[in-house]
Amino acid sequence: MGKQKWALYWAASCGGCEIAVLDVNEKILDIAAAADIVLWPCAMDFKYDDVRAMADRSIDVCLFNGAIRSSEQEEIARLLRAKSRVMVAFGSCACTGGIPGLANLTTKDEILDRVYIEAQSVVGNGHPVFPQPHTRVAEGDLELPVLYEEVSKLSQVIPVDYYLPGCPPTPDLIMTAVNAIATGQLPPPGAVIAGEKTLCDVCPRVKQEKKITRIYRPHQIIPEPQKCLLEQGLICCGPATREGCGAQCIQANMPCRGCFGPPAGVIDQGAKLVSAVASIYEGDTPESVAAMLEEIVDPAGTFYRYGMADSLLKRKRVGTAGK
Amino acid sequence: MSFEPRIIGILCNWCSYTGADLAGTSRMKYAPNVRIVRVMCSGRVDPTFVLKAFQQGADGVLIGGCHPGDCHYSTGNYKTARRIPLLKKMLDQLGIEDGRVRLEWVSASEGDRFQALANEMTEQVRALGPFRPAAPSKPAAMEVAALAAG
Ligand code: SF4
Ligand code: SF4
Ligand code: SF4
Ligand code: FES
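All residue numbers here refer to positions counted from 1 along the written sequence of the relevant chain. For naming, the first written chain is A and the first written ligand is 1, with later ones following in the order written. pLDDT decides what is reported in this predicted model: residues at 70 or higher carry local features, side-chain atom pairs at 80 or more are listed and counted, and totals for whole chains, interfaces and linings draw on all residues regardless. Side-chain numbers here rest on the full set of heavy atoms in the structure, without hydrogens or water.

*Asks:* Quick one: what's the story with the overall build of chain B, residue by residue and with numbers?
*Replies:* For chain B, the helix and strand inventory stands at 5 helices and 4 strands. Moving toward the C terminus, one meets the helices and strands of chain B in the order β-α-β-α-β-α-β-α-α. Burial status across chain B gives 47% buried among its 150 residues. The long-range share in chain B, meaning contacts at least 24 apart out of those at least 6 apart in sequence, stands at 78%. For chain B, the accessible area works out to roughly 7000 Å², and carbon and sulfur atoms hold 55% of it. Helix numbers and strand numbers start at the N terminus; a helix is a DSSP run of H or I with at least 4 residues, a strand a run of E with at least 2. Relative accessibility under 20% of the residue-type maximum defines a buried residue, over 50% an exposed one, and the middle range a partly exposed one, all with a 1.4 Å probe and only protein chains included. Any two residues whose heavy atoms approach within 4.5 Å are treated as being in contact. Surface accessibility follows the Shrake-Rupley procedure with a 1.4 Å probe radius. Residue values consider only the protein chains on display as shielding.

Rendered as structure tokens:
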């Protein structure tokens, strides 16, 4: 069997998913044996034009990490979709918007103001300078990608065949995906390459009746190593997070932050977490409800930490109040 | 053109729905803007329902349950009394005004209370104006469908 052609791409991402590919250690040799890389901007020098020159569907697999929030990212996502037979959303940013998706809790203008006017490092620079899509200089016209109003997950821009969740995906799951692709034993299209159930279903911690009287932030207590973290008052996203990571954070005595996204059957991870956390908080008086609201400082940022772009409302509503 | 708010009322079978029914059988007149969905208990109201209502075009959501202490299943409404305020704190971060979501207790005998609530909330939401889900920055969806078909 001839070698497969693979492309790896990063859009709105932190680079961690690129490192994750290398984290498979010596198995990287298996990948090299199975595939010729035709595009990998983080690691190798290819040009977009090389890809444009290729025939449609001539790339076997594209591993695409990062969310979509600029015109360049959208353009390359569409290009790679056309050229690739199999498109894999690689990592939380591509699957559900990930950390960049939190930008949907604010607006593009607020972000630009913060970065180009208010940031300590630019204050006092004289007049603010904003990046422009087109700039004319003596040598000719310069172009920059346009920043979009909101962050999208990959499947909101192009059709995606498989999802490999995690921030970043674990080496085990990466190799599961790589082996499936290399041997042609692919799961049904649309599959998420992870578990189906919730993290709680497979969590090794001792679970009793869930009742909490106070919510703590992770820096406020050192939790007991055996007992369910949610029962100790830490917001653990296990009840509304897909299993598959091997409970990594839990093993490190840290609550799950939800990076694997919602499990099968859950439409909105944040809404499910609101439900789960509020139901186990003890106290039926208005005072105890007020205390709970005070203790959960940032519900949207906590419950949609990786899933804002994937949520039912997708983003903060702006400028629509009134008639 | 006048704006008629669309409000989804999610009411528990044992108290609020019966209260709304009483308003009807007593021929009380109230704003027709509240479209009622019956659930067995207000504790069944998954916060997802509220988000889904907005996503599908509702302008407001009214959740009704039994008065504290009266829930047919004893504690369902206490859970609701924690879930909805937490949901509302989150909705506030998402730019959704306070008056668009209300949790109210209505007993089976309080037809007049339901009438007043339906009227009051309709006016409240009318004043807020139509709810529009955030428009996407690019009309990507249609092209995606085209690609998928091709
Ligand atoms: S999923 Fe996590 S590791 Fe991967 S690019 Fe996004 S933020 Fe980075
Ligand atoms: S809430 Fe967290 S610690 Fe508790 S069982 Fe679920 S995953 Fe484990
Ligand atoms: S425990 Fe939660 S946050 Fe940590 S890796 Fe697993 S899914 Fe992600
Ligand atoms: S039955 Fe009415 S709130 Fe539970």
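*Asks:* Just give me the short version of the site of ligand 3, but keep the residues and values in it.
*Replies:* In this text, near means that some heavy atom of the residue lies within 4 Å of the molecule or strand in question. All residues in the neighbourhood of ligand 3 are listed as Leu199, Thr241, Cys245, Gln248, Cys249, Cys256, Arg257, Gly258, Cys259 and Phe260 of chain A. Here the term charged refers only to Asp, Glu, Lys and Arg, the term nonpolar to Ala, Val, Leu, Ile, Met, Phe, Trp, Tyr, Cys and Pro, and the term polar to all other amino acids, Gly among them. Here the residues of the shell around ligand 3 sort into 6 nonpolar, 3 polar and 1 charged.

*Asks:* Please set out the interface of chain B and chain A residue by residue, giving values where relevant.
*Replies:* It is common to give the size of an interface as the accessible area that goes away when the parts come together. With 42 residues of chain B at the contact, the number on the chain A side is 44 residues. Using a 1.4 Å probe, buried area is obtained as the accessible area two parts lose upon being combined, added over both of them. Summing both partners gives a buried area of about 3700 Å² for chain B against chain A, and 64% of it is carried by carbon and sulfur. The three residues of chain B that bury the most area against chain A are Arg82, Leu86 and Leu94 of chain B, which together make up 20% of that side's buried surface. Glu97 of chain B is the salt-bridge partner of Arg317 of chain A, the closest N and O atoms lying 3.7 Å from each other. Think of a polar contact as two N or O atoms within 3.5 Å of one another; within protein, one of them needs to be a possible hydrogen donor and the other a possible acceptor, and neighboring residues in sequence only count if both atoms come from side chains. Linking chain B with chain A are 15 residue pairs in polar contact (both at pLDDT 80 or more), by the criterion used here. Salt bridge, as used here: a side-chain nitrogen of Lys or Arg that lies within 4 Å of a carboxyl oxygen of Asp or Glu.

*Asks:* An account of the packing of aromatic side chains is needed here, citing residue identities and associated values.
*Replies:* A pair of Phe, Tyr and Trp rings is counted when the ring centres sit within 6.5 Å of each other, with Trp represented by its six-membered ring. The angle between the planes then sorts it: under 30 degrees is stacked, over 60 is edge-to-face, the rest tilted. The final tally for this structure, using the stated rule, is 5 aromatic pairs over all chains. Consider the rings of Tyr9 of chain A and Tyr48 of chain A, whose centres lie 6.3 Å apart with planes at 55°: the pair is tilted. Here Tyr9 of chain A, found in strand 1 (residues 4–10), pairs with Tyr48 of chain A, found in helix 3 (residues 48–52); they are 39 residues apart in sequence, far enough to count as distant. Plain terms: the ring middles of Tyr9 of chain A and Phe64 of chain A are 5.4 Å apart, the flat faces sit at 45° to each other, and that makes the pair tilted. Taken together, the residues span a long stretch of sequence, with Tyr9 of chain A in strand 1 and Phe64 of chain A in strand 3 (residues 59–65) at a distance of 55 residues. Of the two residues examined, Tyr9 of chain A and Phe64 of chain A, each falls in the buried class. Site record: aromatic cluster; members linked through ring pairs are Tyr9, Tyr48 and Phe64 of chain A. Over the aromatic face of Tyr17 of chain B sits the side chain of Arg38 of chain B, whose NZ or CZ is 4.6 Å from the ring centroid. Charge-over-ring contacts are defined here by two conditions on Lys NZ or Arg CZ: a distance within 6 Å of the ring centre and an angle within 35 degrees of the ring normal.

*Asks:* Describe the site of ligand 2, listing the residues and the values that go with them.
*Replies:* Taken together, Cys200, Cys203, Lys207, Cys228, Leu229, Leu230, Cys236, Gly238, Pro239 and Ile250 of chain A make up the full set of residues near ligand 2. Points on a 1 Å grid, built from protein atoms alone, make a cavity when a 1.4 Å probe fits but cannot get out and make a pocket when they are open with protein on both sides within 12 Å along at least 5 of 7 lines; residues with an atom within 4 Å of a point are the lining residues. Criterion for pocket placement: a molecule counts as inside a cavity or pocket if more than half of its atoms are within 2 Å of its grid points. A majority-of-atoms criterion places ligand 2 in the largest cavity.

*Asks:* Describe the domain arrangement of chain A, listing the residues and the values that go with them.
*Replies:* Residue and element names in this part refer to chain A. Domain extents, as shown, originate in an automatic or database domain assignment. Annotation of chain A at the domain level lists domain 1 (4–100 + 150–183), domain 2 (106–148) and domain 3 (199–303). Taking the mean C-alpha position of each, domain 1 and domain 2 sit 29 Å from one another. Each partner contributes to the roughly 560 Å² buried at the junction of domain 1 and domain 2, and carbon and sulfur atoms together form 51% of this total. At the junction of domain 1 and domain 2, the tally comes to 0 salt bridges. If you look at where domain 1 meets domain 2, you find 4 residue pairs in polar contact (both at pLDDT 80 or more). Breaking the side of domain 1 that touches domain 2 down by element, the ones donating at least two residues are strand 4 (68–70) and helix 4 (71–83). No other element matches the 3 residues that helix 4 contributes to the side of domain 1 that touches domain 2. Of the residues belonging to the side of domain 1 that touches domain 2, the class tally is no nonpolar, 2 polar and 4 charged.

*Asks:* I'd like a description of the side chain of Asp59 of chain B, backed by residues and values.
*Replies:* Residues and elements named next belong to chain B. For Asp59, the location among the structural elements is in the loop between helix 2 (47–55) and strand 3 (60–65). Notably, Asp59 is buried but unbridged: the nearest opposite-charge side chain belongs to Arg6, and the N-O separation is 4.2 Å. Leave out the neighbours within four places in its chain, and Asp59 touches Phe3, Glu4, Pro5, Arg6, Phe54, Arg100, Val125, Pro130 and Phe131. Counted as positive: Lys and Arg. Counted as negative: Asp and Glu, with His and the chain ends omitted from the count.

*Asks:* Quick one: what's the story with a negative patch on the surface, residue by residue and with numbers?
*Replies:* Residues and elements named next belong to chain A. A contiguous patch of negative charge, built from Asp109, Glu110, Asp113, Glu118 and Glu149, is present on the exposed surface. If one sorts the elements of the negative patch by residue count, helix 6 (residues 108–118) sits on top with 4 residues. By secondary structure assignment, the location of Asp113 is in helix 6. Each patch is assembled from residues with relative accessible area greater than 30% and no salt bridge, linking like charges that lie within 9 Å and nonpolar side chains (Val, Leu, Ile, Met, Phe, Trp, Tyr) that lie within 5 Å. Taken as the charge location is NZ of Lys, CZ of Arg, CG of Asp or CD of Glu.

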